[in-house]
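The lines below spell out each chain.
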Amino acid sequence: MQLTAPATRRTGIRDTDGMAVASFVLGLLGLLVLNVFLGPLAIVLAAVALWRGTARRGRALLGLGLGVADLVVLVAFMSADNTMSWSL
């Protein structure tokens, strides 16, 4: 009977890379629909991915910028319409 060390899983890096990509995709989608929800979610995912040291740092920074842009677009349209939502 041979004793071997248990296999180690390195999911932390993969998880942070996934968060970086998800923040980018959600930030991009947030420019079109549901920016009040997707913008902050993109910002949080990007911040967590950056904090954990993702290998996709550029993608996380893009997600962070797009999340902020989502909120800026929301505020711009809300101020133009004087409502809590916007439509084209």
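Please refer to the structure placed before this passage.
For every chain, the first residue of the written sequence is number 1, and numbering continues from 1 along that sequence. Only residues with pLDDT of 70 or above have their local features reported here, since the model is predicted, and side-chain atom pairs are shown and tallied only from 80 upward, although totals for entire chains, interfaces and linings are computed over all residues. The side-chain quantities take in all heavy atoms of the structure and omit both hydrogens and water.

### A look at helix α3 (residues 57-81)
Here's step 1: By definition, any uninterrupted DSSP run of H or I lasting at least four residues is a helix, any uninterrupted run of E lasting at least two residues is a strand, and each is numbered from the N terminus. To estimate how far a helix should reach, multiply one less than its number of residues by 1.5 Å. In this model α3 runs 36 Å from its N-terminal to its C-terminal C-alpha over 25 residues, within 8% of the 36 Å that 1.5 Å per residue would give.
Here's step 2: Only protein chains enter the accessibility calculation, which uses a 1.4 Å probe; a residue whose area is less than 20% of its type maximum is buried, one above 50% is exposed, and one in between is partly exposed. Among the residues of α3, Ala-60, Gly-63, Leu-66, Gly-67, Asp-70 and Leu-74 are the ones counted as buried.
Here's step 3: The first or second residue beyond α3 is Asn-82, which carries a positive phi of 55 degrees.

### Examining the packing of helix α2 (residues 35-51) against α3
Here's step 1: Only the stretch in contact is used when fitting a helix axis, every axis being a line fitted to C-alpha atoms; angles between N-to-C directions are given from 0 to 180 degrees. As a packed pair, α2 and α3 sit with axes 8 Å apart at the nearest point and diverge in direction by 155 degrees. Viewed along their axes, α2 and α3 adopt a mutual orientation that is roughly antiparallel. The hand of the α2/α3 crossing is left-handed. Contacts between α2 and α3 involve Asn-35, Val-36, Leu-38, Gly-39, Pro-40, Ala-42, Ile-43, Ala-46, Ala-49 and Leu-50 from the first element and Arg-57, Ala-60, Leu-61, Gly-63, Leu-64, Gly-67, Val-68, Asp-70, Leu-71, Val-73 and Leu-74 from the second.
Here's step 2: Put simply, Ala, Val, Leu, Ile, Met, Phe, Trp, Tyr, Cys and Pro go in the nonpolar bin, Asp, Glu, Lys and Arg in the charged bin, and everything else, Gly too, in the polar bin. In the contact of α2 with α3, the residues fall into 15 nonpolar, four polar and two charged. Just so you know how the angles are binned, under 35 degrees is roughly parallel, over 145 roughly antiparallel, 65 to 115 roughly perpendicular, and the rest oblique. Two helices crossing with the near one rotated counterclockwise from the far one by less than a right angle form a left-handed crossing, whereas a clockwise rotation gives a right-handed crossing. When checking whether two residues touch, look at their non-hydrogen atoms; a contact exists if any pair is within 4.5 Å.

### Some remarks on the nonpolar core
Here's step 1: Among the buried residues, those of types Ala, Val, Leu, Ile, Met, Phe, Trp, Tyr and Cys that are joined through side-chain atoms within 4.5 Å form a nonpolar core. In terms of nonpolar packing, the biggest core is built from eight residues, these being Met-19, Ala-20, Leu-26, Leu-38, Ala-42, Leu-45, Ala-49 and Ala-60.
Here's step 2: At four residues, α2 tops the list of elements feeding residues into this core.
Here's step 3: Excluding residues within four positions of it along the chain, Leu-26 makes contact with Leu-38, Leu-41, Ala-42, Leu-45 and Asp-70.

### Observations concerning the environment of Ile-43
Here's step 1: With respect to the secondary-structure elements, Ile-43 resides in helix α2.
Here's step 2: C-alpha separation for the pair Ile-43 and Phe-24, spaced 19 residues apart in sequence, amounts to 9.2 Å.
Here's step 3: The contact partners of Ile-43, leaving out residues within four places of it in the chain, are Leu-64, Gly-67, Val-68 and Leu-71.

Spatial relationships are all this shows, so hold off on functional conclusions.
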